[in-house]
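Observations on the three-dimensional arrangement
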Amino acid sequence: MKISKLSSVVLATPLRQPIRTAIHSFERVYHVVLTVETDSGLIGNGFLFAQSVPQARLFQAAIAVFEDKVLGEDPFMTEAVWQKLWKAMNFIGNSGVSIFALTAIDTALWDIVGKAANLPLYRLLGQHVRSMPVYASHGLWLGTATKDLPAEARGYVSQGFKILKIRVGLPRLEDDVARVMAIREAVGPDIGLICDANQGWDAATTLKFGRLVAPANLYWLEEPVPYYDFTATAAIAAALDTPLATGET
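These lines cover the structure that appears in this document, whether it is placed above or below. The shown structure was predicted, so the numbers you read here are calculated from the model rather than taken from an experiment. Numbers given for residues are sequential positions, taken from 1 along each chain in its written order. Totals for whole chains, interfaces and linings use every residue, but because this is a predicted model, local features are given only for residues with pLDDT of at least 70 and side-chain atom pairs only at 80 or more, for both listing and counting. Values shown for side chains rest on all heavy atoms present in the structure; no hydrogens or waters enter the calculation.

For the rest of this paragraph, the subject is the environment of I92. Put simply, DSSP H or I for four residues or longer makes a helix, DSSP E for two residues or longer makes a strand, and each gets a number counted from the N terminus. When you line up the elements, I92 lands in the loop between α3 (78–88) and α4 (97–117). Residues I92 and V180, spaced 88 residues apart in sequence, show a C-alpha to C-alpha distance of 43 Å. Two residues form a contact once any of their heavy atoms are found within 4.5 Å. With sequence-adjacent residues up to four places away left out, I92 is seen in contact with F66 and S98.

This is the structure we're talking about:
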C-alpha cells in the first residue's frame, strides 16, 4: 500500500455562543480536514483547528509543502514518514505551522493504520486502562455573565463531571475572583475547579489572583502567563501551593 494523494478542505462551524478568553474572541471555528489517499482505496483523515480562514489557508499551504515528501510512502511506516517530514522542516523551522502540518499528516496515517486493522488506535497502541477521569472544558467562558455561571456549573456536575474548567482574565481581577467563588459555592467543596487564564496575565497579577482564590482550593491554574515565559512560570510555581499547568500552546 502506497500514499497516492493528499487533499484538504476548510470547514467553518458557527458557534451557538461566542467564545471569549483572556486573549481570544470568536463566533465561529474552522477546521482543515486533510484526506490522505492510498493506491488500495483506503483513506485516512487528519484534522486541524484554526481560528480564522487565513490561519486555515496557512495550514493548508504548509501541508502542500510536504506533499511530495509523503507521496509513494508506505502509510504503515508512520515513524519513518514522521522523521522524513521532521528533516524536511529544517529550512522553515521545526515549530509552529510546520508542526501543525506534520500533525495532520501523521494523524491521517494512523487513521489508515487503524482502518486497515479494523481496530481503534487505543487497542493498537496497547490499551492498559478501562477508564480515565475527564473534566468539563466546553463552557464557563468569559462571555457568560457571573449570575449565569452557577446554573451552568451545576449542569455539568449533573452530567457526572467531577472537575470543571473556568476561564478567567477579565479586565478587573475582582470580577474573576467573584466568578470563581460563585461557582465554588454552587458546586460545593468536592468538585475540582480549574482556572485557565489563557496566557492573559503577568506574574504579579497571577500571584494576587492565586492568593485571593486560595479558599476555592483550585485543582490547577492553567497558563496564567505566556507559555514561553519560563521565569515567570517558575516564580509563580514557587510562590503558590496551587499546581500550574502550561504548554498547551
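Still to come is the rest of the account.
On to the nonpolar core. What makes a nonpolar core is a set of buried Ala, Val, Leu, Ile, Met, Phe, Trp, Tyr and Cys residues whose side-chain atoms join them at distances within 4.5 Å. Burial classification: accessible surface area is computed with a 1.4 Å probe over protein chains only, and a residue below 20% of its type maximum counts as buried, one above 50% as exposed, and the rest as partly exposed. Of all hydrophobic cores here, the largest spans 29 residues; its most connected members are L140, L164, V180, I183, C195, F209 and L218. It is helix α7 (residues 173–187) that contributes the most residues to this core, 5 residues altogether. Once residues lying within four places of it in the same chain are set aside, the contact partners of C195 are I166, V168, V180, F209, L218, W220, L221 and E222. Counting residues in each nonpolar core, the second largest holds 24 residues, with Y30, V32, A50 and A56 among its members.

Our next topic: the pairing of strand β1 (residues 3–20). Pairing of β1 with strand β2 (residues 25–38) involves 13 bridges; the strand directions are antiparallel. Following the sheet pairing, K5 is matched in β2 by E37. What sits between β1 and β2 in their antiparallel hairpin is a turn of 4 residues. A pair of strands counts as paired when DSSP detects no fewer than two bridges linking them.

Turning to helix α8 (residues 203–212), a few remarks are in order. For α8, the full list of buried residues reads T206, L207, F209 and G210. In a view along the axis of α8, the buried residues occupy a sector of 165 degrees, so they form one face of it. Along α8, the residues that are exposed and aim more than 90 degrees away from the buried face are A204 and R211. Packed against the buried residues of α8 are α7, β5 (192–196), β6 (220–222) and α9 (230–239). With a side-chain oxygen positioned 3.4 Å from the backbone nitrogen of A204, the residue opening α8 is D202. This arc corresponds to the set of directions leading from the helix axis out to the C-beta atoms. Under this definition, polar contacts are N or O atom pairs within 3.5 Å; protein pairs additionally need one hydrogen-donor-capable and one acceptor-capable atom, and for neighbouring residues in sequence, both atoms have to be side-chain atoms.

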